[in-house]
Amino acid sequence: MLFSLSGKNILITGATSGIGRAAAVMCAKQGARVLCIGRNEERMCSLLTELHSISSAEHSSYLLDLTNNQSLVDCVRELPPLDGLVLAAGINKWKPIPFIKLEEIHELININTIAAISLLKEICKKKKLKECSSVVFVSSIAGVYTTSMGNAMYAVSKGGLQAFMKTAALELSSKGIRCNSVNPGRIETDLIKNNTQLSDEEIRMDINRYPLKRYGTPLDVAYSIVFLLSDETSWITGTDIVVDGGLTLK
Amino acid sequence: MEKFIELFAEQLDAMSEVTLNADTRFRELDEWTSLVALSIIAMVDEEYGVSLSGNDIRSVNTLGELYNLIQEKL
Ligand SMILES: NC(=O)c1ccc[n+]([C@@H]2O[C@H](COP(=O)([O-])OP(=O)(O)OC[C@H]3O[C@@H](n4cnc5c(N)ncnc54)[C@H](OP(=O)(O)O)[C@@H]3O)[C@@H](O)[C@H]2O)c1
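Overview of the structure. (Residues numbered from 1 in each chain as written. Chains lettered and ligands numbered in written order. Predicted model: local features only at pLDDT ≥ 70, side-chain atom pairs only at ≥ 80, totals over all residues. Heavy atoms only, no water.)

Thoughts on the overall build of chain A
Scanning chain A for helices and strands turns up eight helices and seven strands. In terms of overall dimensions, chain A is globule-like: its C-alpha atoms have a radius of gyration of 17 Å, near the 18 Å expected for 250 residues. Considered along the principal axes of its C-alpha atoms, chain A spans approximately 45 × 40 × 40 Å. Here chain A holds 250 residues, and the buried ones make up 52% of them. Sequence separation of at least 24 residues holds for 74% of the intrachain contacts in chain A that already meet a minimum separation of 6. Total accessible area on chain A stands at roughly 11,500 Å², and carbon and sulfur atoms take up 56% of it. (Helix = DSSP H or I, 4+ residues; strand = E, 2+ residues; numbered from the N terminus. Rg over C-alpha atoms; globule rule 2.2 N^0.38 Å. Buried < 20%, exposed > 50% of the residue type's maximum accessible area, 1.4 Å probe, protein only. Contact = heavy atoms within 4.5 Å. Areas by Shrake-Rupley, 256 points an atom, 1.4 Å probe, with all protein chains shown as cover.)

Now the structure itself:
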């Protein structure tokens, strides 16, 4: 089977919702044992039930807030050796520049950028990534290829994450560890549903800006994540896959 | 209401002096843009502790109606 993840241990953050959840399910379908990180217990239980219904692999979960460094360190200590890591946890908040609050920008960067850096750092320090493993950062087109009004805090967090991905790809290459990102446009998840700032009319107009005339689904992104985790991409590192229905062509 | 109109006017990038009052149909102003809409949402949150949605803003026409909507949500 192409893009098989059979026998691989894959750790996924943000596994309880949206893109991370779709990635967890796809990884299990491709034969992986999935180790899930999230905060919401109820959603984690439902995910684990789904994963166990897909395969008999020893899927497991870790409930923690990734911005709490001690919890992160404790979690890494318990991890088995990893073949793959997907960094999908993240939040978004729109604020025009004059209204940016320092605590909000800290909150955004803490989870979107620093938590991903801290987790990879700790995993490297404890030598939990096997040789020839693959790390996939869930970045964005925002802050990397484009940006939008009110999206400064998020764009900064993702631009920083992208810069870190490239540096990690270079540093970890000597161990055969690959680092890449997927860079989605707007994907139908809680992240955008919880943002009520756009009216239904504005959302219709926004969808119309996409050459493929729809927002993405979590699965659209999960397929690219599986691709980058698989051994078929063993000579791809430091790059990104834009999954945006053609938006950045314009 | 006067204070609200003042705060609203601050969010417009108006080079030209627009005169605003309770009857102004704000979404028809030349200065009305998606960024102004986001700024109004953020200003109302900061000044009144009220969270307006994009749909709330589209549900009213005049500044007076917008002000009343905020009062209802206080
Ligand atoms: N949706 C889009 O349009 C879009 C576009 C481009 C990029 N992205 C990126 O894709 C990634 C996933 O987003 P999504 O759309 O799938 O959002 P989502 O459905 O809201 O899921 C976000 C996930 O992040 C987890 N999370 C947030 N803060 C956390 C924290 N402090 N500690 C641990 N976990 C935390 C949540 O866990 P709990 O629910 O358990 O708390 C949840 O599993 C994000 O990095 C986002 O920036 C999304």
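Considering helix H2 (residues 34-48) of chain B
For H2(B), built from 15 residues, the straight-helix expectation of 21 Å at 1.5 Å per residue is met to within 8% by its first-to-last C-alpha distance of 21 Å. In the segment just after H2(B), B:Gly49 is the residue with positive phi, at about 65 degrees. (Expected span 1.5 Å × (residues − 1).)

Let's talk about the interface of chain B and chain A
Taken together, the contact between chain B and chain A spans 14 residues of the former and 13 residues of the latter. For the pair chain B and chain A, the two sides together bury roughly 1,200 Å², of which 65% comes from carbon and sulfur. Together, B:Leu38, B:Glu46 and B:Asn55 form the three largest contributors to the area buried by chain B at its contact with chain A, with a combined 37%. At the surface where chain B touches chain A, the tally comes to zero salt bridges. If you look at where chain B meets chain A, you find three residue pairs in polar contact (both at pLDDT 80 or more). Listing elements by their share of the side of chain B that touches chain A, those giving two or more residues are H2 and helix H3 (54-59) of chain B. Looking at the side of chain B that touches chain A element by element, the count peaks at nine residues for H2(B). (Buried area = accessible area lost by both parts, 1.4 Å probe. Salt bridge = Lys/Arg side-chain N within 4 Å of Asp/Glu carboxyl O. Polar contact = N/O pair within 3.5 Å; in protein donor to acceptor, adjacent residues only side chain to side chain.)

Considerations on the site of the ligand
All names here are of chain A. By nearness alone, 32 residues border the ligand, and Thr16, Ser17, Arg39, Tyr154 and Thr189 come closest of all. Separating an oxygen atom of the ligand from a backbone N or O atom of asparagine 40 is a distance of 2.8 Å. Within the backbone of alanine 88, an N or O atom sits 3.1 Å from an oxygen atom of the ligand. Notes on the ligand: free accessible area 900 Å², of which the protein chains cover 94%. When residues of the shell around the ligand are traced back to their parent elements, those giving at least two are helix H1 (18-29), helix H5 (152-172) and helix H6 (190-193). With three residues, H6 is the single largest residue contributor to the shell around the ligand. (Near = heavy atom within 4 Å.)

Quick word on the packing of aromatic side chains
Remark: the centre distance and the inter-plane angle together describe each pair of aromatic rings, the angle taken between the planes. Evaluated as defined, the whole model comprises nine aromatic pairs over all chains. Aromatic side chains A:Tyr210 and A:Tyr215 sit 5.5 Å apart centroid to centroid with 85 degrees between the ring planes, which places their arrangement in the edge-to-face category. One exposure class covers both A:Tyr210 and A:Tyr215, and it is buried. For the ring pair B:Phe8 and B:Trp32, a centre distance of 6.3 Å and an interplane angle of 5 degrees mean the geometry is stacked. (Phe/Tyr/Trp six-rings, centres within 6.5 Å; stacked < 30°, edge-to-face > 60°.)

Things to note about a negative patch on the surface
Residue and element names in this part refer to chain B. Where like charges cluster on the molecular surface, the negative patch consists of Glu2, Glu6, Glu10, Asp45, Glu46 and Glu47. Put simply, the parts of the chain that give the negative patch at least two residues each are helix H1 (2-10) and H2. Along the chain, glutamate 46 turns up in helix H2. Judged by its relative accessible area of 40%, glutamate 46 is partly exposed. (Patch = residues over 30% accessible without salt bridge, like charges linked within 9 Å, V, L, I, M, F, W, Y side chains within 5 Å. Lys, Arg positive; Asp, Glu negative; His and termini not counted. Charge placed at Lys NZ, Arg CZ, Asp CG, Glu CD.)

Section: the sheet that holds strand E5 (residues 129-138) of chain A
Residue and element names in this part refer to chain A. Pairing is parallel in the open sheet, where seven strands are placed in the order E3-E2-E1-E4-E5-E6-E7. Either end of the sheet is taken by a strand with one partner, and the two such strands are strand E3 (60-63) and strand E7 (240-243). Sheet twist, expressed as the mean angle between neighbouring strand axes with direction ignored, is 15 degrees. The pairing of strand E1 (residues 9-13) with strand E2 (residues 33-38) spans five bridges and is classified as parallel. Looking at E2, one finds that leucine 11 is bridged to leucine 35. Each of E1, E2, E5 and strand E6 (178-184) touches H1; the most contacted strand, E1, lies at about 165 degrees to it. Along the sheet face, H5 touches E5, E6 and E7 and points at about 155 degrees away from the line of E6. (Pairing = 2+ DSSP bridges. Axes fitted to C-alpha atoms, helices over the stretch in contact; angles between N-to-C directions.)

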